[in-house]
Amino acid sequence: MLPAFERRALQNHVRSISFVDGLPMNGLTLLDDPADPNTIDIVIRPAVLTETISQFLTRKERSCYQPSETHLEVSVDAGSLDATLDVLLHEGMHVVDLTADSATTQDSPPTLAAGYWQSLRTRRVPYDSNLLGNACFFSRSPLSMDTAPAIYQALAQSPFVSLYATTNWLDDSAELVAMYHLTHVLQQPYRIVLHRDEQTIVSLSPMESPLVVARFSAVKALYP
Ligand SMILES: [Zn+2]
């Protein structure tokens with residue numbers, strides 16, 4: 001189910017994959033010795049083993065916000081395949097990026113992200129909207145749900161496939177490849193919906209946005 005370039009990177013460079021309770025994030029790729037690309041360990045939160053990709057991405061997205069008093073809520077429809085697949089697609093791309101032959105360092109993004117990032121966490125103008133890039137996923141300082149409509153409108157006008165992708169180029173690259181593979185190879189849906197009870201407030205399909213579509217040729221180049 002994984003693309004060949006990720007499968008190869010996982011087989012060649014990953015030392016261990018383990019499941020650990022209490023992780024602050026859902027998956028983590030760690031390069032133990034920067035001088036040795038074969039010392040990569042992947043750690044995954046066990047909760048993803050029992051979730052579908054829709055359930056997983058909805059939980060992840062909601063973790064960014066405080067509960068709303070106005071019933072405003074965000075949901076992600078990304079099909080019913082196992083969430084572990086999405087996590088492996090994402091972490092697999094971290095392995096590809098961290099072991100690239102080029103002189104790539106975390107501060108100089110490779111082709112897939114180069115036009116969009118000037119350093120690990122700094123997006124290039126004009127993709128540097130203040131509404132994006134918030135580290136709510138990591139900071140444990142959830143945002144007010146009232147800010148969500150403006151945030152998703154900004155995301156819809158950006159070249160990024162998810163809010164998580166706007167935090168740094170490694171996650172941008174990983175999210176872009178994971179979503180491309182899910183939607184274009186495995187034919188899964190991908191839609192983010194902001195709703196109040198049954199009423200849709202904002203609905204976006206990032207993979208149909210022209211700025212995201214413009215990045216597909218660079219992703220396709222990774223496939224044999
Ligand atoms: Zn990541």
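Scroll up to find the structure.
Please read these numbers as outputs of a predicted model, since none were measured by experiment.

Undergrad: Explanation requested: the sheet that holds strand β4 (residues 72-77) in the structure shown.
TA: In a beta sheet, neighbouring strands pair by backbone hydrogen bonds and run either parallel or antiparallel. The three strands are arranged β4-β5-β6 in an open sheet whose pairing can be described as antiparallel. Every other strand in the sheet has two partners, leaving β4 and β6 (199-204) as the edge strands with one partner each. With strand direction ignored, the average angle separating the axes of adjacent strands in the sheet is 25°. Pairing analysis gives six bridges linking β4 to strand β5 (residues 191-196), with the strands arranged antiparallel. Its bridge partner being in β5, Val74 is matched across the sheet by Leu194. Set on the sheet, helix α2 (residues 53-62) makes contact with β4 and β5; between it and β4 the angle comes to about 145°. Sheet strands touched by helix α6 (residues 148-156): β4, β5 and β6. Its angle to β6, the strand with the most contacts, is close to 30°.

Undergrad: For this particular structure, what's the right way to read helix α1 (residues 4-13)?
TA: Residues separated by three or four positions in an α-helix point in the same direction, a consequence of the helix having 3.6 residues per turn. For α1, the full list of buried residues reads Phe5, Glu6, Ala9, Leu10 and His13. Looking straight down α1, one finds its buried side chains confined to an arc of 135°; they lie on one side. As for α1, its buried residues are in contact with β1 (14-19), β3 (40-44), α3 (83-98) and α7 (169-185).

Undergrad: Can you help me understand the layout of surface pockets in this one?
TA: If a probe as big as a water molecule is rolled over the atoms, it shows which places are left empty. Taken as a whole, the second largest pocket spans an internal volume of roughly 330 Å³. Pro24, Met25, Asn26, Ser63 and Phe137 are, among the 20 residues lining the second largest pocket, the residues nearest its centre. Mapped onto the lining of the second largest pocket, the elements with two or more residues apiece are α2, α3 and α5 (136-139). Top contributing element to the lining of the second largest pocket by residue count: α3, with four residues. Residue classes in the lining of the second largest pocket are distributed as nine nonpolar, four polar and seven charged.

Undergrad: Looking at this structure, I do not really get the coordination of the zinc ion. What am I missing?
TA: Tetrahedral coordination by four donors puts the ideal angle at the metal at 109.5 degrees, and octahedral coordination by six puts it at 90 or 180 degrees. In this structure, His90 (NE2), His94 (NE2) and Asp171 (OD) serve as the protein donors to the zinc ion, at separations of 2.0 to 2.1 Å. The class of His90 is buried, set by a relative accessible area of 5%. Asp171 sits in the buried class, given a relative accessible area of 7%.

Undergrad: Help me understand the sheet that holds β1, please; the structure alone is not making it clear to me.
TA: With mixed pairing, three strands are arranged side by side in an open sheet as β1-β3-β2. In this open sheet, the two strands that pair with only one neighbour each are β1 and β2 (27-31). The mean angle between the axes of side-by-side strands here comes to 15°, regardless of whether they run parallel or antiparallel. Bridging between β2 and β3 involves five bridges; their strand directions are antiparallel. If you follow Gly27 over to β3, its bridge partner there is Ile44. Packed onto the sheet, α1 meets β1 and β3 and runs at close to 100° relative to β1. Packing of α3 onto the sheet brings it into contact with β1, β2 and β3, and relative to β2 it is tilted by some 20°.

Conventions used here
- Residues numbered from 1 in each chain as written.
- Predicted model: local features only at pLDDT ≥ 70, side-chain atom pairs only at ≥ 80, totals over all residues.
- Heavy atoms only, no water.
- Pairing = 2+ DSSP bridges.
- Helix = DSSP H or I, 4+ residues; strand = E, 2+ residues; numbered from the N terminus.
- Axes fitted to C-alpha atoms, helices over the stretch in contact; angles between N-to-C directions.
- Contact = heavy atoms within 4.5 Å.
- Buried < 20%, exposed > 50% of the residue type's maximum accessible area, 1.4 Å probe, protein only.
- Arc of directions from axis to C-beta.
- 1 Å grid on protein atoms, 1.4 Å probe; cavity = no way out; pocket = protein on both sides within 12 Å on 5 of 7 lines; lining within 4 Å.
- Points joined across faces, edges and corners; volume = space filled by probe spheres on them.
- Nonpolar A, V, L, I, M, F, W, Y, C, P; charged D, E, K, R; others polar.
- Donors = N, O, S within 2.8 Å, 3.2 Å for Na, K, Ca; no water.

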